[in-house]
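Geometric and topological summary
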Amino acid sequence: MSILESLAEALAAARVEVVDLTAPLSAETPVIQLPEQFAQTARFELEELSRYDDRGPAWYWNNFRTGEHTGTHFDAPNHWVTGRDGDDVASVPAGRLIAPAVVLDFSAQAAADPDFLLEVEHVRAWEAEHGPLPEGGWLLFRTGWDARSGSQQAFLNADDTGPHTPGLSPACARWLAEESPVLGLGVETVGTDAGAAHSFDPPFPCHAALMGSGKYGLTQLQNLDRLPATGALLVAAPLPIVSGSGSPSRVLALVERG
């Protein structure tokens, strides 16, 4: 039996589970809000073309409008000025869209402090327990933030000082981009950076460091609590938008179950 035949059999027998890490995409999907002087991303919108009626008696279909970075989405290197000469989302090699993933669970810390920042020491401690980060794989940062995804207000968690959501410290972002073996970072929050990252030095260090190093981001993931710390295989499927800086994506994880 070939490797792929074995995988198909394991999927059919539920020895390998497909876990959907994608948030449903609708007009209610939370979107990032930038200061008023900047252009804003679009919420997801459907425009009905026909629904088994005189506009099209046998078919139902829609146009849709959305931002590239709405909902569960993929950040390509050219999304940030540091990666402006890097790949657009259509140029990301298909082979890099399927990769191993590990889950670093800091949901308890984020519940106690919404401004919690992952540090290099946290990653090193995790590696001491679980082994090294996967070469060419994903680091998925679990904070439990997906539980807030039904509310724009709760998801952004903003006050007069700005959003308060967990993320990475500038030092950890640089280390992940420049020294770690992973190809990207996945998070449950609206973006890969912490809510307060606008005030960091440099600002938005995850975007600046990851995109500048040719690495990727995945955001607004869900169901990370259903993944093991190690051993999952991640499938990220953005639309190949020519010159696009990212795309809403279906993100799946394959997990062995017994």
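This write-up is about the structure you can find in this document. (Residues numbered from 1 in each chain as written. Predicted model: local features only at pLDDT ≥ 70, side-chain atom pairs only at ≥ 80, totals over all residues. Heavy atoms only, no water.)

**Re the overall build of the protein**
Across its full length, the protein holds 6 helices and 14 strands. Since a compact globule built from 258 residues should have a radius of gyration of about 18 Å, the 19 Å found for the protein is in line with a globular shape. Here the protein holds 258 residues, and 46% of them are scored as buried. Put simply, 72% of the contacts in the protein that link residues at least 6 apart link residues at least 24 apart. Accessible area of the protein: about 12,800 Å², with a carbon and sulfur share of 55%. (Helix = DSSP H or I, 4+ residues; strand = E, 2+ residues; numbered from the N terminus. Rg over C-alpha atoms; globule rule 2.2 N^0.38 Å. Buried < 20%, exposed > 50% of the residue type's maximum accessible area, 1.4 Å probe, protein only. Contact = heavy atoms within 4.5 Å. Areas by Shrake-Rupley, 256 points an atom, 1.4 Å probe, with all protein chains shown as cover.)

**What to know about the side chain of S247**
Structurally, S247 is set in strand β14 (residues 246–256). With relative accessibility at 0%, the residue S247 sits in the buried group. Among the polar contacts listed, one links the side chain of S247 to the backbone nitrogen of L239, at a separation of 2.9 Å. With near-sequence residues (within four places) excluded, S247 lies in contact with E68, T72, H73, F74, V89, P238, L239 and I241. (Polar contact = N/O pair within 3.5 Å; in protein donor to acceptor, adjacent residues only side chain to side chain.)

**Let's talk about the packing of helix α5 (residues 170–178) against helix α6 (residues 205–212)**
Where α5 contacts α6, the two axes come as close as 8 Å, and the packing angle between them is 15°. By the criterion of interaxial angle, the relationship of α5 to α6 is roughly parallel. In the packing of α5 onto α6, the handedness of the crossing is right-handed. Seen from α5, the contacting residues are P170, A173, R174, L176 and A177; seen from α6, they are P205, C206, A209 and L210. When grouped by side-chain class, the residues that make up the contact of α5 with α6 number 8 nonpolar, no polar and 1 charged. (Axes fitted to C-alpha atoms, helices over the stretch in contact; angles between N-to-C directions. Parallel < 35°, antiparallel > 145°, perpendicular 65-115°, else oblique. Left-handed = near helix turned anticlockwise from the far one by under 90°. Nonpolar A, V, L, I, M, F, W, Y, C, P; charged D, E, K, R; others polar.)

**Considering a nonpolar patch on the surface**
Together, L46, Y52, Y60, F64, L239 and I241 line one region of the surface with nonpolar side chains, adding up to about 610 Å² of accessible area. When contributions to the nonpolar patch are tallied by element, the ones reaching two or more residues are β2 (45–53) and β3 (56–65). Judged by relative accessible area, L239 falls into the partly exposed class, the value being 45%. (Patch = residues over 30% accessible without salt bridge, like charges linked within 9 Å, V, L, I, M, F, W, Y side chains within 5 Å. Salt bridge = Lys/Arg side-chain N within 4 Å of Asp/Glu carboxyl O.)

**Some remarks on the pairing of strand β12 (residues 216–219)**
Residues Y216 and L218 of β12 are buried on one face, and the alternating residues G217 and T219, pointing to the opposite face, are buried as well. Where strand β4 (residues 73–75) meets β12, 3 bridges bridge the pair, whose relative direction is antiparallel. Across the sheet, residue H73 finds its bridge partner in β12, namely T219. Here 3 bridges tie strand β11 (residues 184–187) to β12, and the two strands are oriented parallel to one another. The partner of G186 across the bridge, within β12, is L218. (Pairing = 2+ DSSP bridges.)

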